[in-house]
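What the coordinates show
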Amino acid sequence: MSENQSSYRNVMKATSIFGGVQIFTILISIIRSKFIALFLGSTGMGVVGLLTSTAGLISGITNFGLGTSAIRDVAAANSSGDESRVALVISVLRRWVWVTGGLGALIVLMLSPWLSQISFGNSNYVWSFALISITLLLNQLNVGQLVVLQGTQKIQYLAKASLIGSVLGLIVTVPLYYFFGVRGIVPALIIASIVSFAISSYFARKVLLIPTKLTGTVVLSEGKNMLKMGFLISLSGLFVTVATYIIQLFISSRGGVEQVGLFTAGFAVMNTYVGLVFTAMATDYFPRLAAVSECNVLSKKTINQQAEISILILGPIIMVFLVFIKLIIIILYSNKFVGIEDMVLWLALATFFKAGSWAIAFIFLAKGKSKLFFWNELFANSYVLLFDLIGYYFYGLTGLGISCLIAYLLYFSQVFLLSKIKYQFSFDTSFLKIFAVQFSLAISCFAIVKFVEKPYSYFFGSIFILFSVLHSYIQLDKRLGIKMFLNSFFENKMKK
């Protein structure tokens, strides 16, 4: 096996491992969304969206990026083999998640009357915000436990915590939606947070630590590094939350809470269900890129490999969503949500540019250029919000899909030019060919869905899906040696 082929296999292996975990988590999420859609309707989903996005906004301000920055500190301590250092870093982290989580909970509690008025235009949800303030503390404590598992490379524990937490959360919360409807939303959010924290704590306790005594000085000095590292990263994430919050308020003021529910459901289709590929890849991709970040040549190679694999995996998936989007929406939600069909079609096309830009944007963090990452994301989120507001104002939910496609095309160009200027990055010809083929097939599927009546669109669209799958298989075989691997596998089975 060549070195290049081995490198591609490492990318694919990591993706498949973490992808498997994500698939189960997503299945649980699909079931949960289905029950919410059935028992609460689009209005109830809108309420859930506004409550969680508001809490997420406050959390983004107060969590100081510990979920990102602390992973690097814990991982660095763990790789050193110094058990005392590992225990110290984890102990400090656990102190700070209490502080930051408590701060977030206190702010939501104190501002609950104002948050209700801003989010819903009335004071009917004051107690709802006051009660869900506890989720900010619980969720931040949960983040601290997950950081311990990921930083110490307890991936199996991390996977089990995620899966068990999701399953138990579903079992406990669905009856609340069924029996209490909208009134069950707040208890369900609180119970889900309690369950997640309890499960992650159980697995985190399996990481044995040397007893450590902490002084206030040590907590401040060690914590300062964590907070400083994650501050700009958390700010960039905060901009996304703020932008989402503003567009939800804008939609609510012009179209009502039901439209917010449709907006939330539409973006969940792509960001959650298609986005599992990005989540699976990011777990391995970022540390791999960081390891070679000092060399621009190796960085370019790593980014291109990741971008190629991303498009080859995502291409067929996106085309399935394009061709069968109406059926998928009905399966995931209900007939009441078919109004998001056109929006999701445009979002699917935007995912191609999201994949390319996503692979490049990690280079800024990998090289430790947090300020460059910050300003890059600030500028991008500014025009994304502007396009979304204009898109919804003129074309409703469909306009949001179109604006997303335009925004990601600009963002793709932006990060490409910035990385080219700063780090001499460029895409290989192989990536450009893969992108051109898969995107052309996607455009064809888009046109079929828009201009060919059902069920004929399913037939002709399926032909293009098969072309996409075949192209991905041929290209992946060149990089991974799939055919040779399968032949070897079956030969060994026959010998046994």
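Refer to the preceding data block for the structure.
To start, this report covers the structure provided alongside it. (Residues numbered from 1 in each chain as written. Predicted model: local features only at pLDDT ≥ 70, side-chain atom pairs only at ≥ 80, totals over all residues. Heavy atoms only, no water.)

From N to C terminus, the chain includes 16 helices and 0 strands. Within the chain, the fraction of its 496 residues that count as buried is 52%. Across the chain, contacts joining residues at least 24 apart in sequence account for 82% of those joining residues at least 6 apart. For the chain, the accessible surface area stands at approximately 22900 Å², while carbon and sulfur atoms represent 67% of it. (Helix = DSSP H or I, 4+ residues; strand = E, 2+ residues; numbered from the N terminus. Buried < 20%, exposed > 50% of the residue type's maximum accessible area, 1.4 Å probe, protein only. Contact = heavy atoms within 4.5 Å. Areas by Shrake-Rupley, 256 points an atom, 1.4 Å probe, with all protein chains shown as cover.)

Our next topic: the side chain of serine 201. Examined against the element boundaries, serine 201 turns out to sit in helix α6 (residues 185-204). On the basis of relative accessibility, which here comes to 6%, the residue serine 201 falls in the buried class. Engagement of the side chain of serine 201 in a polar contact is seen with the backbone oxygen of phenylalanine 197, the distance being 2.7 Å. (Polar contact = N/O pair within 3.5 Å; in protein donor to acceptor, adjacent residues only side chain to side chain.)

So, on to unusual backbone geometry. When glycine is set aside, most residues are seen to have a negative phi, and most peptide bonds are trans. Of note, the bond from lysine 454 into proline 455 is cis; its omega dihedral lies within 30 degrees of zero at 10°. With respect to the helices and strands, the residue proline 455 is situated in the loop between α14 (429-451) and α15 (456-480). Phi is positive for glutamine 424, close to 55°, though the residue is something other than glycine. Considering the arrangement of structural elements, one finds glutamine 424 in the loop between α13 (370-423) and α14.

In this structure, Leu322, Tyr333 and Leu400 are the most contacted members of the largest nonpolar core, which totals 103 residues. Top element by residues in this core is helix α12 (residues 341-366). It accounts for 19 residues. In terms of nonpolar packing, the next biggest core, distinct from the first, is built from 28 residues, Ala70, Val89, Val147 and Val195 among them. (Core = buried A, V, L, I, M, F, W, Y, C linked by side-chain atoms within 4.5 Å.)

What follows deals with the packing of helix α5 (residues 155-180) against α6. Where α5 meets α6, the closest approach of the two axes is 8 Å, and the angle between their N-to-C directions is 155°. It follows that α5 is roughly antiparallel to α6 by the angle criterion. In this structure, the crossing between α5 and α6 has a hand that is right-handed. Counted together, Tyr157, Lys160, Ala161, Ile164, Gly165, Leu168, Gly169, Val172, Thr173, Leu176 and Tyr177 of α5 and Ile185, Pro187, Ala188, Ile191, Ala192, Val195, Ile199, Ser200 and Phe203 of α6 form the full contact between these two elements. Here the residues of the contact of α5 with α6 sort into 15 nonpolar, 4 polar and 1 charged. (Axes fitted to C-alpha atoms, helices over the stretch in contact; angles between N-to-C directions. Parallel < 35°, antiparallel > 145°, perpendicular 65-115°, else oblique. Left-handed = near helix turned anticlockwise from the far one by under 90°. Nonpolar A, V, L, I, M, F, W, Y, C, P; charged D, E, K, R; others polar.)

This part covers the packing of aromatic side chains. Under the counting rule described, the total for this entry stands at 36 aromatic pairs. Considering the side-chain rings of phenylalanine 35 and phenylalanine 39, the 5.5 Å spacing of their centres and the 25° angle between planes classify their relative orientation as stacked. With phenylalanine 35 and phenylalanine 39 both in helix α1 (residues 3-62) and 4 residues apart, this pair spans about one turn of that helix. An angle of 45° between the planes, with centres 6.4 Å apart, marks the rings of phenylalanine 364 and tyrosine 423 as tilted. Here phenylalanine 364, found in helix α12, pairs with tyrosine 423, found in helix α13; they are 59 residues apart in sequence, far enough to count as distant. Accessibility expressed as a relative area gives 0% for phenylalanine 364, which makes it buried. Ring-pair connections join several aromatic residues into one group, and the members of that group are Phe352, Phe353, Phe412, Phe416, Phe425, Phe427, Phe431, Phe435 and Phe439. (Phe/Tyr/Trp six-rings, centres within 6.5 Å; stacked < 30°, edge-to-face > 60°.)

Glancing now at empty space enclosed by the protein. In total, this model carries 1 cavity of 30 Å³ or more according to the counting rule given. Estimated volume of the largest cavity: approximately 40 Å³. If you go around the largest cavity, the residues you meet are Asn296, Ser299, Lys300, Ile303, Ile363, Lys367, Ser419, Tyr423 and Phe425. Of all the elements in the fold, those that place two or more residues in the lining of the largest cavity are α10 (296-323) and α13. Considering every element that reaches the lining of the largest cavity, the biggest residue donor is α10, with 4 residues. (1 Å grid on protein atoms, 1.4 Å probe; cavity = no way out; pocket = protein on both sides within 12 Å on 5 of 7 lines; lining within 4 Å. Points joined across faces, edges and corners; volume = space filled by probe spheres on them.)

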